[in-house]
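# Tertiary structure, described
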Amino acid sequence: MAGSAPAAIAFIGFGEVGQTFSRGLLANGAHGIRAYDLLFDSAAGRRLEDVAQQIGVGRGASPAEACAEADFIFSAVTADRAEAVAAEAAAWLKPGQIFVDVNSAAPSTKQRAAKAVEASGADYVEAAVMAPVLKPGLKVSILAGGPKASAAADILNGLGMNLAPVSETFGRASAMKLC
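Here's a quick rundown of the structure.

Procedures and definitions
Residues numbered from 1 in each chain as written. Predicted model: local features only at pLDDT ≥ 70, side-chain atom pairs only at ≥ 80, totals over all residues. Heavy atoms only, no water. Phe/Tyr/Trp six-rings, centres within 6.5 Å; stacked < 30°, edge-to-face > 60°. Helix = DSSP H or I, 4+ residues; strand = E, 2+ residues; numbered from the N terminus. Buried < 20%, exposed > 50% of the residue type's maximum accessible area, 1.4 Å probe, protein only. Salt bridge = Lys/Arg side-chain N within 4 Å of Asp/Glu carboxyl O. Polar contact = N/O pair within 3.5 Å; in protein donor to acceptor, adjacent residues only side chain to side chain. Pairing = 2+ DSSP bridges. Right-handed = clockwise from strand over helix to strand, strands pointing away. Contact = heavy atoms within 4.5 Å. Arc of directions from axis to C-beta. Axes fitted to C-alpha atoms, helices over the stretch in contact; angles between N-to-C directions.

## With respect to the packing of aromatic side chains
For the structure shown, the criterion picks out six aromatic pairs. A ring pair is formed by Phe-11 and Phe-74, whose centres lie 5.0 Å apart and whose planes are at 20°; its orientation type is stacked. Here Phe-74 lies in strand β4 (residues 72-75) and Phe-11 lies in strand β1 (residues 9-12), a separation of 63 residues in the sequence. A single burial state applies to Phe-11 and to Phe-74, both of which are buried. Between Tyr-36 and Phe-40, the ring centres sit 6.4 Å apart and the planes meet at 85°, which makes this aromatic pair edge-to-face.

## A look at the pattern of salt bridges
Throughout the structure, instances matching the rule amount to eight salt bridges. A salt bridge links Asp-41 to Arg-59; the nearest nitrogen and oxygen atoms lie 2.9 Å apart. Taken together, the positions of Asp-41 in the loop between β2 (34-36) and α2 (45-55) and Arg-59 in strand β3 (residues 58-59) put the pair 18 residues apart, joining distant regions of the chain. A relative accessible area of 53% places Asp-41 in the exposed class.

## Quick word on the side chain of Thr-20
By secondary structure assignment, the location of Thr-20 is in helix α1 (residues 16-27). In this structure the side chain of Thr-20 is engaged in a polar contact, spanning 2.7 Å, whose partner is the backbone oxygen of Glu-16.

## Here's the deal with the pairing of strand β8 (residues 163-167)
Pairing of strand β7 (residues 142-145) with β8, which is carried by four bridges, proceeds in the parallel orientation. By the bridge assignment, Gly-145 is partnered in β8 with Ser-167. The β-α-β motif built from β7, the intervening helix α6 (residues 149-157) and the parallel element β8 has right-handed crossover chirality.

## Some remarks on the environment of Ala-164
Along the polypeptide, Ala-164 turns up in strand β8. When its relative accessible area of 30% is taken as the criterion, Ala-164 is described as partly exposed. Ala-164 sits ten residues away from Asp-154 along the chain, and the two C-alpha atoms are 9.7 Å apart. Contacts of Ala-164, omitting those with residues within four sequence positions, involve Ile-142, Leu-143 and Ala-144.

## Comments concerning α2
Of all the positions in α2, only Gly-45, Leu-48, Glu-49, Val-51, Ala-52 and Ile-55 are classed as buried. Viewed end-on, α2 has its buried residues packed into an arc of 160°, placing them on one side of the element. Exposed and oriented more than 90 degrees from the buried face of α2 are Arg-47, Gln-53 and Gln-54. Buried residues in α2 make contact with α1 and β3. Looking one or two places after α2, you find Gly-56, whose phi comes out positive at around 105°.

## Side note on the sheet that holds β2
Strand order in the open sheet formed by eight strands is β3-β2-β1-β4-β5-β6-β7-β8, with mixed pairing between adjacent strands. Two strands bound the open sheet, and with one partner strand each, they are β3 and β8. Across four bridges, the pairing between strand β5 (residues 98-101) and strand β6 (residues 123-129) is parallel. Considered in β6, the bridge of Val-100 is made with Val-125. α6 contacts β1, β4, β5, β6, β7 and β8 of the sheet and is inclined by roughly 175° relative to β8.

Structure follows, in structure tokens:
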């Protein structure tokens, strides 16, 4: 994320959140977005690949490939896979990358995911999405937590997102969402 170069963005999971956020980010000046989804490798995944191509999102053959050059990596998978995806990503994440966990998961899950990601040298931002994303799109309210939440918000809000840093402690944003 050197200088004024735009942030490179990738998605692990290209369902409703990945597609909606990609459309909004691209409309606000992002480019070169890449994605990986488990379904890309299945017969049902052809539809997702077509959507990615129509939106202008590149497809990675693996999560590591899709995210190799990304500054921001959005984990947008099912809640039951959130922690496992963070642990798997720790094997290939690099220092300087920011893993933004937008999955709806318990505070304790977010804390364990953060520990796995940070062990790789990358940074973790807990992101609690406060409403369904379809209607508000990229402007959906997101509570952000972790030491890099403010820095991530500065860059991502400049691309049209609506991240509100609420704590430097992992788990608090998700706990606030539950309340």
